[in-house]
Amino acid sequence: MQKTKEETQMIIAIDGPAASGKGTMARKLAQHLGVPHLDTGLTFRAVAHALLEAGLPLDDENVAEEVARKLDLGTLDRDVLSAHAIGEAASKVAVMPRVRTALLEAQRGFANQPGGAVLDGRDIGTVVCPDAPVKLFVTASPEVRARRRTDEIVSRGGTADYEQVLADVKKRDERDSTRAVAPLLPAEDAHLLDTSKLDIESAFQQAVGIVEAVKAR
Ligand code: DC
């Protein structure tokens, strides 16, 4: 029997707030399925990083759009881009519609490669890949996310104050959820996965179950 487009091009869209576990989930699913993965947060971080490095302002949409258009997805370096300050700057860059449009083209190009892909971010199921056959919205309480983020920073040898991280998590949620363009929202047909009380392996098994159910349809 001939394969349908959905079978040959399995796009998995994963959204959720910062430190919800969506990145780990996306990496594990991509590995499990043998398809490439794009953390779209890194694309916003890369634009912010380039602006900071060049001493350019974070609020000039023309300049930020130009940087976004030149972005090469092959050069995203998680180690450099994961710094907390770059995340804060990325959240400001991400409110600019023309930056989002420029990055959207690159993100869609990645999603539509033959064989499919896993993408994670804030608006994958709603804007980037609204037709993705599998959409997951991974979430957890702000307190659980702040605890995970704090532990992660400390385990890497850094110092972090839980109360400060919690305040940052809440501030970032507010900015990401209330912006006019592509706010953080579950797609209507997204499966909700609350990882507040789940370890990553249990959450991953639930996600695999959802993917398998869609594939079997
Ligand atoms: O997930 P992250 O912390 O790497 O994301 C950095 C910022 O980029 C975050 O504030 C929200 C924004 N972002 C976005 O607006 N849309 C996406 N698809 C991914 C990230």
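None of the values given here were measured: they were computed from a predicted structure. (Residues numbered from 1 in each chain as written. Predicted model: local features only at pLDDT ≥ 70, side-chain atom pairs only at ≥ 80, totals over all residues. Heavy atoms only, no water.)

A. Summary view of the sheet that holds strand β5 (residues 191-194). Reading across the sheet, the five strands line up as β2-β3-β1-β4-β5 and stay open at both edges, with parallel pairing between neighbours. Looking at the sheet topology across the chains shown, the edges are occupied by β2 (37-39) and β5. Along the sheet, successive strands turn relative to each other by an average axial angle of 20 degrees, direction set aside. The strands touched by helix α11 (residues 200-216) are β1 (9-15), β4 (134-139) and β5; relative to β4, the strand with the most contacts, the crossing angle is about 160 degrees. (Pairing = 2+ DSSP bridges. Helix = DSSP H or I, 4+ residues; strand = E, 2+ residues; numbered from the N terminus. Axes fitted to C-alpha atoms, helices over the stretch in contact; angles between N-to-C directions. Contact = heavy atoms within 4.5 Å.)

B. Representation of the packing of helix α4 (residues 61-69) against helix α7 (residues 97-111) within the structure. In contact at an axis separation of 8 Å, α4 and α7 are set at 5 degrees when each is read in the N-to-C sense. The angle between the axes of α4 and α7 places the two elements in the roughly parallel class. Across the interface between the two elements, Glu61, Asn62, Ala64, Glu65, Ala68 and Arg69 from α4 touch Pro97, Arg98, Val99, Thr101, Ala102, Leu103 and Glu105 from α7. For the contact of α4 with α7, a count of residues per class yields six nonpolar, two polar and five charged. (Parallel < 35°, antiparallel > 145°, perpendicular 65-115°, else oblique. Nonpolar A, V, L, I, M, F, W, Y, C, P; charged D, E, K, R; others polar.)

C. View of the packing of helix α6 (residues 84-93) against helix α10 (residues 162-178). Packing of α6 against α10 brings their axes to within 10 Å, and their N-to-C directions diverge by 25 degrees. Comparing their axes, α10 and α6 come out roughly parallel. In terms of crossing hand, the pair formed by α6 and α10 is left-handed. Contacts from His84, Gly87, Glu88, Ser91 and Lys92 of α6 reach α10 at Asp168, Lys171, Arg172, Arg175 and Asp176. Across the contact of α6 with α10, the residue classes break down as no nonpolar, three polar and seven charged. (Left-handed = near helix turned anticlockwise from the far one by under 90°.)

D. Here's a closer look at empty space enclosed by the protein. For the coordinates displayed, the defined rule picks out one cavity of 30 Å³ or more. The volume enclosed by the largest cavity comes to roughly 60 Å³. What lines the largest cavity is Ala18, His84, Glu88, Arg149, Val165, Asp168, Val169 and Arg172. Residue assignment for the lining of the largest cavity shows that the elements contributing at least two residues are α6 and α10. Tallied by class, residues from the lining of the largest cavity come to three nonpolar, one polar and four charged. (1 Å grid on protein atoms, 1.4 Å probe; cavity = no way out; pocket = protein on both sides within 12 Å on 5 of 7 lines; lining within 4 Å. Points joined across faces, edges and corners; volume = space filled by probe spheres on them.)

E. A look at the confidence of the model for the protein chain. On average, the protein chain scores 91 in pLDDT, and the residues at 70 or more come to 96%. This stretch, residues 1-7, has a pLDDT under 50; its non-local contacts, to residues over four places away or in other chains, come to three contacts. (pLDDT = per-residue confidence, 0-100.)

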